Amino acid sequence: MDATLVYENYEVLFTNPPCPAYAYADGANVRSFAGEPLATKPQGAFCKPGDAAAAGALPTSPQARMVEWIRDPATEEVFFAFLSFSNRVVLGELCSAIESRGVKVRFVLDQGTDLQAANSLLACRPPVGQEDRAPVLVTRGSSSRLQHVKVFMVNPNAPSMRIAFGSGNLSSGLTLHHENWNFVTLGADTHFARAHRCLAQGLLDHAARSDTFAKFLLACRAAIPFPEETDARVFFAPTQGAAATSALEAAIEGATDVFVAAHRLSSDALFAALEKGLRRTDPSPARVRLVADDDLFWAGRGVPLDRGNNRFEWFGLKGLLSAGLEPRWVQTNSRISQFHHNKFIVASHAAEAPGGPGGGAPSASNARRAKNTVFTGAGNFTDAAFEKNFENHYVIQTPAIVDAYQRQANTLWNTLATPTEGLPNAFTEP
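Residues numbered from 1 in each chain as written. Predicted model: local features only at pLDDT ≥ 70, side-chain atom pairs only at ≥ 80, totals over all residues. Heavy atoms only, no water.

Within the secondary structure layout, Thr332 lies in the loop between strand 11 (326-330) and strand 12 (344-348). Using a relative accessible area of 1% as the deciding quantity, one classes Thr332 as buried. Looking at Thr332, its side chain comes within polar contact range of the side chain of Asp293, at 2.9 Å. Beyond its immediate chain neighbours, meaning those up to four positions away, Thr332 contacts Ala45, Phe46, His178, Asp293, Asp294, Asp295, Arg307, Gln338, Phe339, His340 and Glu429. (Helix = DSSP H or I, 4+ residues; strand = E, 2+ residues; numbered from the N terminus. Buried < 20%, exposed > 50% of the residue type's maximum accessible area, 1.4 Å probe, protein only. Polar contact = N/O pair within 3.5 Å; in protein donor to acceptor, adjacent residues only side chain to side chain. Contact = heavy atoms within 4.5 Å.)

Put into structure tokens, the structure is as follows:
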């Protein structure tokens, strides 16, 4: 019998910053590719630094939920791992928890990241007599392998624990970037929870080299005495990157509608799976929609923004565009390195007829593949995210969670993102 994820609470939160519709400069003659006059950037897409406070103060913001978790008197220990850490609100809350309550904080960052906020956190001291609970930092990764895991865990060694994971770093990823976050409270007697314990221990003690990390991680997960859930699976790259790729391909295969929200986009496997769906003739082609940062569009036109996206990604995307992919673009603020940083795919499937195709019983593989699925996590949709970097990828089929992502997909497509013909006909920002 398949095991399903048992949790006390699970919510998906999206930053969706409440930024105003910033106007172009007076007298600017800005027109779209369709020739229409443009007065402003779309509301909620383009943000400025002053918008961060209002975004973080929203009761449904990821930052507000993380602050709530840190302030909870039951919080005794925190582990987190991110590429970068710069959010001053979270820094202040963690420091207060360390100094007032002796909360134990251990964290892992990429070896190449700015450590200003990290060093400030390390300077926070627990109460007298609790010196063994001083914060601890470990840096991982290398010049060719990023420490790109994104996870925040509360009481990771307790009978009940909390896990936050998603697309964002501990930075503007909680406020101004366009991000997706999952906040889960669950018992430790689950495979999902124990797998994250393995991840934390592996990053702290066994990730100086990828081979030692792989050896530890596989042994640790194999020893978990609870069956792996089928509706919420986690894969830790690079060790399980190939398995994550296979799961992503299986989710897309046969889907009638595939929605992709991406920042970086260059995975050969993903491109192949999407093109296969677009060119399918039996029963009919899939509808494939993409929402990406407008940086990707402008990179394809040679605008040197130098913010991650590049012309090679655009060239890879051209084959999908010719096959029928429908793109829209979130017009973010390049001056402050604000990103559309969502990383999720929603693969929707038509309901299978009773008895399965041809009247026979559906196979187990077809039954699983026919479920609506979300693929998300820390990793960009690049080859490096599956083959090189330390990453956490998730395949989720829990109906309520899939529905939440589908609603956000609709918000991105219908409200925040702009069709190509609606973009300014030359790179222009307020």
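The eight strands lie next to each other as 8-14-13-12-9-10-11-15, forming an open sheet whose pairing is mixed. Edge positions in the sheet fall to strand 8 (232-237) and strand 15 (418-419), since each has one partner strand and no second. Packed onto the sheet, helix 5 (residues 191-205) meets strand 8 and strand 14 (391-396) and runs at close to 15° relative to strand 8. (Pairing = 2+ DSSP bridges. Axes fitted to C-alpha atoms, helices over the stretch in contact; angles between N-to-C directions.)

Taken as a whole and assessed by the stated rule, the structure comprises three disulfides. One disulfide in the model links Cys19 with Cys47; its S-S distance is 2.0 Å. Taking the sign of the S-S torsion, about 95° here, the bridge from Cys19 to Cys47 comes out right-handed. Residue Cys19 is found in the loop between strand 1 (9-14) and helix 1 (52-57), and its partner Cys47 is found in the loop between strand 1 and helix 1; the two are separated by 28 residues along the sequence. Like Cys47, Cys19 is buried. Between the sulfur of Cys95 and that of Cys124 lies a disulfide, 2.0 Å long from S to S. (Disulfide = S-S within 2.5 Å.)

Attention now moves to the confidence of the model for the protein chain. Model confidence for the protein chain is summarised by a mean pLDDT of 94, while 95% of its residues fall at 70 or above. Of the regions scoring below 50 in pLDDT, residues 352-369 engages in 13 contacts with residues more than four places distant in sequence or in other chains. (pLDDT = per-residue confidence, 0-100.)

Scanning the entire structure with this criterion turns up 13 salt bridges. In this structure, the salt-bridge partner of Glu68 is Arg65, at a minimum N-O distance of 3.2 Å. Pair noted here: Glu68 and Arg65 are both in helix 2 (residues 62-71), with a separation of three residues, about one helical turn. Take Glu68: its relative accessible area is 43%, and that puts it in the partly exposed class. (Salt bridge = Lys/Arg side-chain N within 4 Å of Asp/Glu carboxyl O.)

A cis amide bond links Ala237 to the next residue, Pro238, at an omega of 0°. Tracing the backbone through its elements, the reader meets Pro238 in the loop between strand 8 and helix 7 (241-252). A cis amide bond, omega 5°, links Asp282 with the succeeding residue Pro283. Among the structural elements, Pro283 can be located in the loop between helix 8 (268-278) and strand 10 (287-293). Positive phi is not limited to glycine here, since Asn16 has a value of about 35°.

Take the environment of Ala232 next. You can see Ala232 is positioned in strand 8. A relative accessible area of 2% means that Ala232 is categorised as buried. In this structure Ala232 touches Leu5, Phe192, Val395 and Ile396, once residues within four positions along its chain are discounted.

With that settled, the discussion passes to the side chain of Asn169. If you trace the backbone, Asn169 turns up in the loop between strand 6 (160-166) and strand 7 (180-187). Accessibility expressed as a relative area gives 7% for Asn169, which makes it buried. Separated by 3.4 Å, the side chain of Asn169 and the backbone nitrogen of Ser84 make a polar contact. When near neighbours in sequence (up to four residues on either side) are disregarded, Asn169 contacts Phe82, Leu83, Ser84, Lys150, Leu174, Glu179, Trp181 and His341.

Looking down a regular strand, the side chains alternate between one sheet face and the other. Judged by how many residues are buried, strand 6 sits mostly within the fold: six of seven residues are covered. Taken together, the four bridges between strand 5 (residues 151-154) and strand 6 define a ladder with antiparallel strand orientation. Each residue of the ladder has a partner; that of Phe152, found in strand 6, is Ala164. A loop of five residues connects strand 5 with strand 6, the two strands running antiparallel in sequence, and Asn155 in this loop sits at a positive phi of about 50°. By the bridge criterion, seven bridges tie strand 6 to strand 7 in an arrangement that is antiparallel. Paired with Ser160 across the strands is Gly187, a residue of strand 7.

Take the packing of helix 5 against helix 6 (residues 210-222) next. As a packed pair, helix 5 and helix 6 sit with axes 9 Å apart at the nearest point and diverge in direction by 155°. Judged by the inter-axis angle, helix 5 sits roughly antiparallel to helix 6. The way helix 5 lies across helix 6 gives a crossing that is right-handed. Together, His191, Ala195, Cys198, Leu199, Gln201, Gly202 and Leu203 of helix 5 and Phe213, Phe216, Leu217, Cys220 and Arg221 of helix 6 make up the contact between the two elements. Across the contact of helix 5 with helix 6, the residue classes tally to eight nonpolar, three polar and one charged. (Parallel < 35°, antiparallel > 145°, perpendicular 65-115°, else oblique. Left-handed = near helix turned anticlockwise from the far one by under 90°. Nonpolar A, V, L, I, M, F, W, Y, C, P; charged D, E, K, R; others polar.)

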